[in-house]
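Residue strings, one per chain:
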Amino acid sequence: MEAIIINRKLADQEEEKILQILKQDKNPKLFANVELPASLDKYCSGPAELSSEEKREINYRIIDKVIDFGEMKIDNRAITDILTFEKVSIWHYHKFRTYFSIRNLYYEIELINQLGSKYSRIYYYSENVLLQEIRFESAEINICTPQVNRSNFSKKTAFHFSIFFIIRALLGVFQLPGLKNKKHIVIDHAIKQTCLNLHTLQPEPGNYNLQYLFDELDDQFIILNDLDIPKFQVGADFVFDTTYFKLKENTFFGEWVLFRGLFSGKIRKDLKSLSVKLIAKYKQIESETNDPVFKLAIQQLISLHASSKLFLFKYLSYKKFFTKYHFNSITSIDENSARIKSILDAAKAENINTIGIQHGTIHELHPAYIYTNEDQQRNIVPDYTMVWGKYWSEFLIEHGNYKADSLEITGQIRTDIIHKLKTANPHDYLKIPEASRIVVFASQPQRDPKLRYQAAFDVFTSVKDLADVHLVVKLHPAEKNDFGYYHNIAQKAGCANYQILEQFDLYLLISLSEIMITCFSTVGAETVYFNKPLIILDHLKQDIQGYLREGIAFQAANSQELQHYLQKLIAGDIHFNETAYKKYIEKYAFKIDGKVADRIIHFINNLNP
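Residues numbered from 1 in each chain as written. Predicted model: local features only at pLDDT ≥ 70, side-chain atom pairs only at ≥ 80, totals over all residues. Heavy atoms only, no water.

Caption draft 1: Just the pairing of strand 19 (residues 469-474), in detail. Counted residue by residue, strand 19 has 6 buried out of 6 residues, so it is predominantly covered. Across the two faces of strand 19 the burial is the same, with Val469, Leu471 and Val473 and His470, Val472 and Lys474 all buried. For the crossover from strand 18 (residues 437-442) across helix 15 (residues 449-463) to strand 19, the handedness is right-handed. Regarding the hand of the β-α-β motif, the stretch spanning strand 19, helix 16 (residues 483-493) and strand 20 (residues 498-501) is right-handed. (Buried < 20%, exposed > 50% of the residue type's maximum accessible area, 1.4 Å probe, protein only. Helix = DSSP H or I, 4+ residues; strand = E, 2+ residues; numbered from the N terminus. Right-handed = clockwise from strand over helix to strand, strands pointing away.)

Structure below.
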């Protein structure tokens, strides 16, 4: 018997081919984990997926292998050391992406192996081209991946960004005098979101994680505005935003640093040399690696070589910048991502103190914060990391191999506004029917597309028949273009009592809500700060953030359980655990006292030069 599994959007010719197979006498089974065109939907037998336990096992197995990859020895040298140039560890620039890429690949490998024991022939449609390299022992496996579009480069996007880049770089010239006598840098690289001004409580574009720190900085600080470089692909048009051209006081555009790097003959020469050496090292590692996961890891690094060159260029450009403009410290969130780490590594090369600020929850499946003992000897992480509470400090020491004296407990910056929001009236901010009970769903761009879809569908299904309930879907910043995605799911669920928001201050929204729903977002922890009930929609029952274990959340694994908890909370039949909430805040957030930014600034100002 044959089976067809569809895990991606199909091209027209693929749809026709599948229809031909389905109409044959062999009567193959069709499974789909994505929305199918109408012509195929009537043949579908439902999804084909792994169980939550199977996915959990893969999660932990792959992260262990990914961490081990960096310490694999070749000629008595670890791969991390082989791929290190000056202060740059190429492996750690891509460890995060590598884990998720291989993890998702193994979801599909395991599914195909299971199906291979039931069907003699399988047609498997996937986005992941690496599946073509996997040898499957059972059944006849036909892996169908999309054809690579060699003409996908968008000249329009590249041109628009080039103009944007040049303007920002030239404006940076006028900001150079402002660097004089500055002692500290704080990097602002976030997509602007609507935040409430700390003093006026009026909405304005800002940095969701750091805005209240920026508001308290004195004239010893300069804010480095670092904007991400877009993908130059068709469909990813770059749109000019005039707000990014404003010459604000105590702000410096990072494009000037990169612009100078482009015209440096030495940087271009060094980059070319490093690129050649890197390719040779990839080949050496690939030839010495037999482990299947390790082979996938090195293939991932090879596929990301263009990104590595970009980050090396960024490192060399900022290193040149820091030789001329020396600072005592440089601080950022997302400090372990390649985009920011390349800047911090350049600062390290010039003996500048580097500081990371916790911006989300940290767990055992978060590769950006899990290091080896050897990594600590290599000084991979920032010199100091500001964490929200005692738990995070202990976790990083025990599981992340951070040094105890590199961690400082300060609390969470965003909480500095909480005490000002407790009297907010929902009808002053939201268009909702009178007497509505506001339930908020904080969405996330989950890396497992099926779980992401199921979460939204379950939320819409659970509230559609609840009287006087109004659902507010708060989109994650990375989902700003996904209104249609959620509207379509709501329509399929038959839900009409909802609205979708993106540009709305999250803390204000929490203060207006009665109940918060999320999967594993940091929003869950922040809900506790407001003493509001929290429900986690946890299909895999992993409790990744430990919300259930701490007694601060109700756990639902499907729409029926979710609706049950919503009804009980609204009726007042169940309540959140006040004692657990208080202990949670002390453990995870230190203090909700409006003085977190002051503590961070005090720490930075007292660092030794």
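Caption draft 2: Main features of the sheet that holds strand 2 (residues 29-32). Ordered by their spatial adjacency, 4 strands build an open sheet running 2-1-7-8, and the pairing between neighbours is parallel. Only two strands of the sheet have a single partner each, and these edge strands are strand 2 and strand 8 (140-144). Across the sheet, the mean angle separating the axes of adjacent strands is 15 degrees when strand polarity is ignored. Relative to the sheet, helix 1 (residues 12-22) contacts strand 1 (2-6), strand 2 and strand 7 (121-125), its axis offset from that of strand 1 by approximately 155 degrees. Against the sheet, helix 5 (residues 90-116) makes contact with strand 1, strand 7 and strand 8, and its axis sits at roughly 155 degrees relative to strand 7, the strand it touches most. (Pairing = 2+ DSSP bridges. Axes fitted to C-alpha atoms, helices over the stretch in contact; angles between N-to-C directions. Contact = heavy atoms within 4.5 Å.)

Caption draft 3: Quick peek at the packing of helix 5 against helix 10 (residues 292-303). Two elements in contact, helix 5 and helix 10, have axes whose closest approach is 9 Å; the angle formed by their N-to-C orientations is 125 degrees. Compared by their axis directions, helix 5 and helix 10 come out oblique. At the point where helix 5 passes helix 10, the crossing takes the right-handed sense. Listed contacts from helix 10 to Trp91, His94, Arg97, Thr98, Ser101, Ile102, Leu105 and Tyr106 of helix 5 are Pro292, Val293, Leu296, Ala297, Gln300 and Leu301. Tallied by class, the residues present in the contact of helix 5 with helix 10 amount to 9 nonpolar, 4 polar and 1 charged. (Parallel < 35°, antiparallel > 145°, perpendicular 65-115°, else oblique. Left-handed = near helix turned anticlockwise from the far one by under 90°. Nonpolar A, V, L, I, M, F, W, Y, C, P; charged D, E, K, R; others polar.)

Caption draft 4: Looking closely at the side chain of Thr410. Tracing the backbone shows Thr410 in the loop between strand 17 (407-409) and strand 18. Each residue touching Thr410, except ones within four places of it in the same chain, is listed here: Met386, Val387, Trp388, Phe590, Val596, Arg599 and Ile600.

Caption draft 5: Fine view of the nonpolar core. Of all hydrophobic cores here, the largest spans 163 residues; its most connected members are Leu83, Leu213 and Phe322. Per-element tally for this core: the top contributor is helix 5, with 13 residues. Ignoring sequence-local partners within four residues, the contact set of Phe322 consists of Ile185, Phe327, Ile330, Ile343, Ala346, Ala347, Glu350 and Ile352. Ala455, Ala493, Tyr498 and Ile517 belong to the second-largest nonpolar core, a separate cluster that totals 29 residues. (Core = buried A, V, L, I, M, F, W, Y, C linked by side-chain atoms within 4.5 Å.)

Caption draft 6: Representation of the packing of helix 11 (residues 305-324) against helix 12 (residues 338-349). Where helix 11 meets helix 12, the axes come as close as 8 Å, and the angle between the chain directions of the two elements is 35 degrees. The two elements helix 11 and helix 12 cross, and the hand of that crossing is right-handed. In this structure, helix 11 uses Phe311, Lys314, Tyr315, Tyr318, Lys319 and Phe322 to contact helix 12, whose residues at the interface are Ala338, Arg339, Ser342, Ile343, Asp345, Ala346, Ala347 and Ala349. Considered class by class, the residues forming the contact of helix 11 with helix 12 number 9 nonpolar, 1 polar and 4 charged.

Caption draft 7: Structural detail: the pattern of salt bridges. Counted by the stated rule, this structure contains 25 salt bridges. Ionic pairing is found between Lys65 and Asp291, a salt bridge with its closest N-O pair at 2.5 Å. Linking Lys65 in helix 3 (residues 52-71) with Asp291 in the loop between helix 9 (265-288) and helix 10, this pair joins segments that are 226 residues apart in sequence. Classification of Lys65 by relative accessible area gives partly exposed; the value is 22%. With its nearest N and O atoms 3.2 Å apart, the salt bridge here joins Asp188 to Lys192. Residue class for Asp188 comes out buried when judged on its relative accessible area of 7%. (Salt bridge = Lys/Arg side-chain N within 4 Å of Asp/Glu carboxyl O.)

Caption draft 8: Local environment of helix 15. For helix 15, which comprises 15 residues, the first-to-last C-alpha distance of 22 Å matches the rise-based estimate of 21 Å (1.5 Å per residue) to within 8%. Among the 15 residues that make up helix 15, 11 are buried, leaving the element largely enclosed by the rest of the structure. Along helix 15, the residues classified as buried are Lys450, Leu451, Arg452, Ala455, Ala456, Asp458, Val459, Phe460, Thr461, Ser462 and Val463. At the N-terminal end of helix 15, a side-chain oxygen is found 3.1 Å from the backbone nitrogen of Lys450, two or three residues along, and the residue is Asp448. (Expected span 1.5 Å × (residues − 1). Polar contact = N/O pair within 3.5 Å; in protein donor to acceptor, adjacent residues only side chain to side chain.)

Caption draft 9: Representation of the environment of Trp91. Secondary-structure assignment places Trp91 in helix 5. Each C-alpha atom, one on Trp91 and one on Phe69, is 9.3 Å from the other, the two residues being 22 residues apart in sequence. In contact with Trp91, not counting residues within four places along its chain, are Val66, Phe69, Gly70, Thr80, Leu83, Thr98 and Leu301.

Caption draft 10: Representation of the side chain of Ser393. Tracing the sequence through the fold places Ser393 in helix 14 (residues 390-398). Ignoring any residue separated from it by four or fewer positions in sequence, one finds Ser393 in contact with Val387, Leu407 and Ile409.

Caption draft 11: Structural view of helix 8 (residues 255-262). Of all the 8 residues making up helix 8, 6 are buried; the element is thus mostly covered by neighbouring parts of the structure. Residues of helix 8 that are buried: Glu255, Trp256, Val257, Leu258, Phe259 and Gly261. Buried residues belonging to helix 8 abut helix 6 (155-175), strand 12 (221-225), strand 13 (251-253), helix 9 and helix 11.

Caption draft 12: Spotlight on unusual backbone geometry. One non-glycine residue, Asn76, lies in the positive phi region at around 65 degrees. In this fold, Asn76 is placed in the loop between strand 3 (73-74) and strand 4 (77-78). Classification of Asn76 as exposed rests on a relative accessible area of 74%. A positive phi angle, near 50 degrees, is found at Asp543, a position not held by glycine. Within the secondary structure, Asp543 is located in the loop between strand 22 (534-537) and strand 23 (554-556). The exposure class of Asp543 is buried, given its relative accessible area of 12%.

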